[in-house]
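# Residue-level structural notes
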Amino acid sequence: MRVRRTSTWWSQGLKRGLALLFLLLLTAPPSRAAEGQAAFPVLFDAKERLPKPDLSDLLRLRFLTTNDFPPFSFMDQTGHLTGFNIELIRAICVELGVAAKCEIQAVPFGDIEISLLSKHGDAALAGNAVTRTLRQDFAFSRPYLLLPARFAVGKTLASATSPETLKGKAVGVLAGSAHEQMLKAFFPDLTPQAFPDRPALLEALKTGKVSAVFGDGLQLSFWLASPASGACCGFLGGPYLSQHFLGEGMSLMVRKEDGFLAAAFDHALASLSRDGTLDALARQYFPLGLY
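Report on the accompanying structure. (Residues numbered from 1 in each chain as written. Predicted model: local features only at pLDDT ≥ 70, side-chain atom pairs only at ≥ 80, totals over all residues. Heavy atoms only, no water.)

### As for the overall build of the protein chain
For clarity, the cut-off: Only DSSP runs of H or I covering at least 4 residues are called helices, and only runs of E covering at least 2 are called strands; the numbering of each starts at the N terminus. Here's how the labels work: a residue is buried when its accessible area is under 20% of the maximum for its type, exposed when over 50%, partly exposed in between, all with a 1.4 Å probe on protein chains only. Methods summary: accessible areas were calculated by the Shrake-Rupley approach with a probe of 1.4 Å, and residue burial reflects only the protein chains presented.
If you tally the helices and strands in the protein chain, you get eleven helices and 13 strands. The burial tally for the protein chain puts 51% of its 291 residues in the buried class. As presented, the protein chain carries roughly 13600 Å² of accessible surface, and 53% of it is formed by carbon and sulfur atoms.

Listed below in structure tokens is the structure:
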């Protein structure tokens, strides 16, 4: 059974476009926005101490991922697998003292679950949404990344500091999306204007047909940094997080009987969050930040 990814907007065309855009941004000088982006949030209690597991008995630790999920995992111009998730896997392996035993294999997203259940891999980082159905067969680490909703506004609202300034103005949102539901629940005083697809939504913001849009923060960050936006717009307020509307975030997935690995990953993620490694990776792979 194929389960949607944590984020549902990854069309094939958008995947290719994001990969190309990311490669361009990676070689460009850092923008002022990137230099001033908010720090990646620490998702673990600073007082909590998770014991470091002993994985010395492992012969190898095989991670499954995909190669078409930019900026998390994709093929670079030299044909090498790269991305936020790939670097995170390597950092986790170093933290757990098993770097020499770690392997990374890219498989089609639709094969992630069966490959894990058939023991062709030991853990997966592929953006699988955490669902009740998946929890029947799999265990999950704590989330290492939450995908927030954000407002993007045009230049006329560049000096605004709060979404309250959007009262009485049209706020674009994708029709039927979780973000449309979230906008109505979180900001009942605002006036949503639904659009049938992403290009129409962003064009409306760019041309001033709407004063703001509300949507996926990662998606918006790449569009704002791209030539397609024409430097028209910027973020306003946020980030806005909701497990109810946006899910539990991105986690590592293992077979249910291998819950000890999920606990090991929790230790590693907590350490990488506290020592700034996750923040450094976010600054490298998310040009305008998420938060």
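### Looking at the environment of Ala194
For the record, the criterion: Contacts between residues were defined by any pair of non-hydrogen atoms, one from each residue, lying within 4.5 Å.
As for its placement among the helices and strands, Ala194 is situated in strand E10 (residues 191-195). Classification of Ala194 by relative accessible area gives partly exposed; the value is 43%. Sequence separation of Ala194 and Val171 is 23 residues, and the distance between their C-alpha atoms is 8.3 Å. For Ala194, the residues in contact, after removing those within four places along its chain, are Val173, Ala175 and Glu180.

### With respect to helix H10 (residues 259-274)
The test is simple: The span one expects for a helix is its residue count, reduced by one, times 1.5 Å.
Taking 1.5 Å as the rise per residue, H10 with 16 residues should run 22 Å; its terminal C-alpha atoms sit 23 Å apart, in good agreement. Buried residues dominate H10, accounting for twelve of its 16 residues. Turning to H10, its buried residues are Leu261, Ala262, Ala264, Phe265, Asp266, His267, Ala268, Leu269, Ala270, Ser271, Leu272 and Ser273. Just downstream of H10 lies Gly276, where phi reads positive at about 90°.

### What to know about the state of the cysteines
Two cysteines whose sulfur atoms are joined by a covalent bond form what is called a disulfide. Counted only if it meets this: What counts as a disulfide here is a pair of cysteine sulfur atoms lying within 2.5 Å.
Within the structure shown, the criterion is met by two disulfides. Bridging Cys93 to Cys102, the disulfide has an S-S length of 1.9 Å. Here the disulfide of Cys93 and Cys102 is left-handed, its torsion about the S-S bond being about -100°. Here Cys232 is linked by a disulfide to Cys233, with a sulfur-sulfur distance of 2.2 Å. Measuring handedness by torsion sign, the sulfur bridge of Cys232 and Cys233 sits at about -95° and is left-handed. The exposure classification of Cys232 matches that of Cys233, with both residues buried. If the cysteines joined by disulfides in the protein chain are listed in sequence order, their pairing comes out as 1-2, 3-4.

### Re the sheet that holds strand E2 (residues 68-69)
How we decide: Two strands are counted as paired when DSSP detects at least two bridges linking them.
Pairing in this open sheet of three strands is antiparallel, and the strands run E2-E3-E4 from one edge to the other. Edge positions in the open sheet fall to E2 and strand E4 (81-82), since each of these has one partner strand only. Here E2 runs beside strand E3 (residues 73-75); their pairing, made up of two bridges, is antiparallel. In the sheet register, Phe69 faces E3, and the bridge partner there is Ser73.

These values are about where atoms sit, not about what they do.
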